[in-house]
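Working through the structure, step by step
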Amino acid sequence: MEQFVCRTKICAGSDALSVLKTLKSQRLLTVTDRFFVQNGTAQRITAMVRAAQSQIYSDTAADPTLEQVAKGAAVMEAFRPDTVLALGGGSPMDCAKAMVYCAKTPVELVAIPTTSGTGSEVTSFSIVTHEGVKHPLVDDALRPSLAILDDTLLNKLPAPLIADTGFDVLSHCLEALASTKASPLTDALAQSAFATVLRLLPESYLGSTCVRGQIHLAATMAGMAFDNAGLGVCHALSHALGGLYHVPHGRLNAILLPSVVEYNATATDAYDAVAVRCGLGAPTRKLTLKNLLFALRQLRRQLKLPATLTEAGVSTVDVQAVAQAALQDACIDTNPIRPTKEALIGLVQSVL
């Protein structure tokens, strides 16, 4: 039996934030980062809800730790919100969702992503780092009830962040397509999102703001795809490397993705249809795969992303520790090949 779940209401467009005025919240907790507090965005968006009482928690950072989450959960327990609004990129989203998970307090969870990458606004996932290891939390309660995709929040994104998050979307798509739990519904979402991002990401990177709304929606579609289908080796290794060496998640996916696609292609033909959709089809599967890999590597160069861990600033890698951590990551479970530790070591060594 196949199953597809998406209980999140999605409001998209340049006026999507206006839906906040319709929320019936008495006690609102906004979880964000210091950047959005300092520039006033957090205060402006919080005020739109018109809650009787509101509070802003901004003690979040990149790769939120268990300690930060526990502190936030204590704030939740003291304030007793009926609504938690997650505002920001992947890290505030992860922190807010993990706070809800730990506090065990029934709340309405509203997500307002300000980057186009994680898809966290529609997923049951949160990533928390503890003692150098990234742990995926998966729970239906972490899937927001409302996602607000307002492209006016994307106008000032820095180019490196566009590159990192864009490759995160591409990796979500290709891993969902190759997953052992893929379905026609997840395939449709992942193929559409991949084609959109592959085509428009260079324009966004070069400063075109008019395409960012389409990429924003594609990131959400990719999130819906992998939330139902699962991920794979690329994310398992990315989580392991990110926890140990603190390289941005999307950047690690950009480094790993071509090697992982080449590895998985020995066991699945899941990449063929999306390659054809992107105009990369060829007379043989081997040539089609070659075209897809070339497109990924060419885009990586266009976006000035590193091709190796050394280029990303990681001079020494404990491949044994990385492989062991990846083996314990839940994302491994839906990869089309169940990798051995030796295979994971080989993948890491291929991107040193």
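For the structure itself, consult the block above.
My aim in this report is to walk through the structure given alongside it, one point at a time. Keep in mind that what you see is a predicted model, and the values were worked out from it rather than measured. (Residues numbered from 1 in each chain as written. Predicted model: local features only at pLDDT ≥ 70, side-chain atom pairs only at ≥ 80, totals over all residues. Heavy atoms only, no water.)

**Let's talk about the overall build of the protein**
If you tally the helices and strands in the protein, you get 13 helices and eight strands. Relative to a compact globule of 352 residues, whose C-alpha radius of gyration would be 20 Å, the protein shows 19 Å and is just as compact. Counting across all 352 residues of the protein, residues that qualify as buried make up 57%. Counted over contacts in the protein with a minimum sequence separation of 6, partners at least 24 positions apart contribute 79%. Carbon and sulfur atoms make up 54% of the accessible area of the protein, which totals about 14,300 Å². (Helix = DSSP H or I, 4+ residues; strand = E, 2+ residues; numbered from the N terminus. Rg over C-alpha atoms; globule rule 2.2 N^0.38 Å. Buried < 20%, exposed > 50% of the residue type's maximum accessible area, 1.4 Å probe, protein only. Contact = heavy atoms within 4.5 Å. Areas by Shrake-Rupley, 256 points an atom, 1.4 Å probe, with all protein chains shown as cover.)

**Some points on the layout of surface pockets**
Within this model, the largest pocket holds a volume of roughly 1,200 Å³. Taken together, 48 residues line the largest pocket, and the ones lying closest to its centre are G89, G90, S91, T115 and L161. Mapped onto the lining of the largest pocket, the elements with two or more residues apiece are α1 (34–38), α2 (41–48), α4 (90–103), β6 (125–130), α5 (159–178), α8 (233–245) and α9 (249–264). In terms of residue count, α5 provides more of the lining of the largest pocket than any other element does, six residues in total. The residue makeup of the lining of the largest pocket, split by class, is 18 nonpolar, 21 polar and nine charged. Looking at the second largest pocket, it is lined by 19 residues, and the ones nearest its centre are F125, K181, D227, N228 and G230. Per-class residue counts for the lining of the second largest pocket are six nonpolar, seven polar and six charged. (1 Å grid on protein atoms, 1.4 Å probe; cavity = no way out; pocket = protein on both sides within 12 Å on 5 of 7 lines; lining within 4 Å. Points joined across faces, edges and corners; volume = space filled by probe spheres on them. Nonpolar A, V, L, I, M, F, W, Y, C, P; charged D, E, K, R; others polar.)

**Observations concerning α4**
The terminal C-alpha atoms of α4 lie 20 Å apart, and with 14 residues this matches the ideal 20 Å at 1.5 Å per residue to within 8%. The buried count for α4 comes to twelve of 14 residues, which makes it a mostly enclosed element. Trailing α4 by a residue or two, K104 shows a phi angle of about 55 degrees, which is positive. (Expected span 1.5 Å × (residues − 1).)

**Comments concerning the sheet that holds strand β3 (residues 53–57)**
The strand order β1-β8-β5-β4-β2-β3 describes an open sheet built from six strands, whose pairing is parallel. A single partner strand is all that each edge strand has here, and the edge strands are β1 (9–12) and β3. Between one strand axis and the next, the sheet turns through 15 degrees on average, direction left out of account. Taken together, the four bridges between β1 and strand β8 (residues 146–149) define a ladder with parallel strand orientation. When the sheet's bridge partners are listed, C11 is paired in β8 with I148. Against the sheet, helix α3 (residues 66–79) makes contact with β2 (27–31), β3 and β4 (83–88), and its axis sits at roughly 170 degrees relative to β3, the strand it touches most. Across the face of the sheet, α4 comes into contact with β2, β3, β4 and β5 (108–113) while running at roughly 160 degrees to β4. (Pairing = 2+ DSSP bridges. Axes fitted to C-alpha atoms, helices over the stretch in contact; angles between N-to-C directions.)

**So, the pattern of salt bridges**
Taken as a whole and judged by the stated rule, the model has nine salt bridges. K71 is the salt-bridge partner of D59, the closest N and O atoms lying 2.6 Å from each other. Of this pair, D59 sits in the loop between β3 and α3 while K71 sits in helix α3, and the two are twelve residues apart along the sequence. Under the relative-accessibility criterion, K71 is labelled partly exposed at 47%. One salt-bridge network, held together by shared partners, links R34, D59 and K71. (Salt bridge = Lys/Arg side-chain N within 4 Å of Asp/Glu carboxyl O.)

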